[in-house]
Amino acid sequence: MLIALWIVTGLLALLFGMAGAMKATRSREAVLANMPWVEDVSAGQLKTIGLLEVLGAIGLVLPAATGILPWLTPVAAFALAITMVFAVALHVKRKESFAPSLVLGIVALLVGVGWVLLG
């Protein structure tokens, strides 16, 4: 079961890391071309979202992998789940599909619970 948890954690970290890096490093206009919801956030907010996603991705893997403060791994997962709650709310407000954000939030929640129970 621990192997499955690591696989899901790694995939989730990869998704959040790539999405966050893109938001943190590309211009607002470049991100807006692919993500219409960016209209509702400022450039600073977009960079902050990206940075938080990258930090969350690192927090999903590094503490558990090194054994240094491993309790931070479920904290990172729960923080990413909360981030996705806000993403779902934004997409609902904009009358856009919120399914990807909902799925990522649920997976992050499950990863957090998995690390609490197995970690």
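Definitions and limits used
Residues numbered from 1 in each chain as written. Predicted model: local features only at pLDDT ≥ 70, side-chain atom pairs only at ≥ 80, totals over all residues. Heavy atoms only, no water. UniProt positions renumbered as here; feature names shortened; annotations may be inferred. Helix = DSSP H or I, 4+ residues; strand = E, 2+ residues; numbered from the N terminus. 1 Å grid on protein atoms, 1.4 Å probe; cavity = no way out; pocket = protein on both sides within 12 Å on 5 of 7 lines; lining within 4 Å. Points joined across faces, edges and corners; volume = space filled by probe spheres on them. Nonpolar A, V, L, I, M, F, W, Y, C, P; charged D, E, K, R; others polar. Axes fitted to C-alpha atoms, helices over the stretch in contact; angles between N-to-C directions. Parallel < 35°, antiparallel > 145°, perpendicular 65-115°, else oblique. Left-handed = near helix turned anticlockwise from the far one by under 90°. Contact = heavy atoms within 4.5 Å. Buried < 20%, exposed > 50% of the residue type's maximum accessible area, 1.4 Å probe, protein only. Expected span 1.5 Å × (residues − 1). Salt bridge = Lys/Arg side-chain N within 4 Å of Asp/Glu carboxyl O.

J.: Describe in detail the UniProt feature "transmembrane region" (unreviewed entry) in the chain, supporting the description with residues and values.
T.: Look at the UniProt record and you will see "transmembrane region" (unreviewed entry) annotated at residues 71–92 and 98–118. Annotation note: span residues 71–92, helix share 95%, strand share 0%, distance between end C-alpha atoms 32 Å. Regarding residues 98–118, the helix share stands at 95% and the strand share at 0%, and the terminal C-alpha atoms are separated by 30 Å.

J.: Got a sec to walk through the layout of surface pockets? Specific residues and values, please.
T.: Approximately 650 Å³ is the volume found for the largest pocket. Of all the elements in the fold, those that place two or more residues in the lining of the largest pocket are helix H1 (2–25), helix H3 (43–66), helix H4 (72–93) and helix H5 (99–118). The element contributing the most residues to the lining of the largest pocket is H4, with six residues. Residue classes in the lining of the largest pocket are distributed as 16 nonpolar, six polar and four charged.

J.: Report on the packing of H1 against H5, specifying residues and quantitative values.
T.: At a minimum axis distance of 10 Å, the contact between H1 and H5 shows a crossing angle of 140°. Classified by the angle between their axes, H1 and H5 sit oblique to one another. The interaxial crossing formed by H1 with H5 has left-handed handedness. Residues Leu2, Leu5, Trp6, Val8, Thr9, Leu12, Leu15 and Phe16 of H1 pack against Leu104, Val107, Ala108, Val111, Gly114, Trp115 and Leu118 of H5. Looking at the contact of H1 with H5 residue by residue, the classes come out as 13 nonpolar, two polar and no charged.

J.: Which residues make up the side chain of Thr73, and what values do they have?
T.: Relative to the helices and strands, Thr73 resides in helix H4. For Thr73, a relative accessible area of 0% translates into the label buried. If near-sequence neighbours (up to four positions away) are discounted, Thr73 is found in contact with Gly59, Leu60, Pro63, Ala64 and Trp115.

J.: I'd like to hear about unusual backbone geometry, residue by residue, with values.
T.: Even without being a glycine, Leu69 presents a positive backbone phi close to 50°. Relative to the elements of secondary structure, Leu69 occurs in the loop between H3 and H4. Backbone geometry at Lys95 places phi at a positive 60°, although glycine is not the residue there. Following the sequence through the fold, Lys95 ends up in the loop between H4 and H5. Exposure remark for Lys95: the relative accessible area of 79% places this residue in the exposed category.

J.: Break down the side chain of His91 for me, with residues and values.
T.: Among the structural elements, His91 can be located in helix H4. Residues in contact with His91, not counting those within four places in the same chain, are Trp37, Glu96, Ser97, Phe98 and Ser101.

J.: Could you give me a rundown of H1, with the residues and numbers involved?
T.: Spanning 24 residues, H1 covers 33 Å between terminal C-alpha atoms, matching the ideal 34 Å at 1.5 Å per step. Restricting attention to buried positions, one finds in H1 the residues Leu5, Thr9, Leu12, Ala13, Phe16, Gly17, Gly20, Met22 and Lys23.

J.: Residues and numbers for the pattern of salt bridges, please.
T.: Enumeration according to the criterion identifies five salt bridges in this entry. For Lys23, the salt bridge is made with Glu53, and the minimal N-O distance between the two is 2.9 Å. Remark: Glu53 occurs in helix H3 and Lys23 occurs in helix H1; sequence separation between them is 30 residues. Like Lys23, the residue Glu53 is buried in the burial classification. Arg94 is the partner of Glu39 in a salt bridge, and the nearest nitrogen-oxygen pair spans 3.3 Å. In this pair, Glu39 sits in the loop between helix H2 (28–34) and H3 while Arg94 sits in the loop between H4 and H5, placing the two residues 55 residues apart along the sequence. Classification of Glu39 by relative accessible area gives exposed; the value is 51%. A residue is classified by how much of its surface remains accessible, and Arg94, at 21% relative accessible area, is partly exposed. Through salt bridges that share partners, Glu39, Asp40, Lys93, Arg94 and Glu96 make up one connected network.

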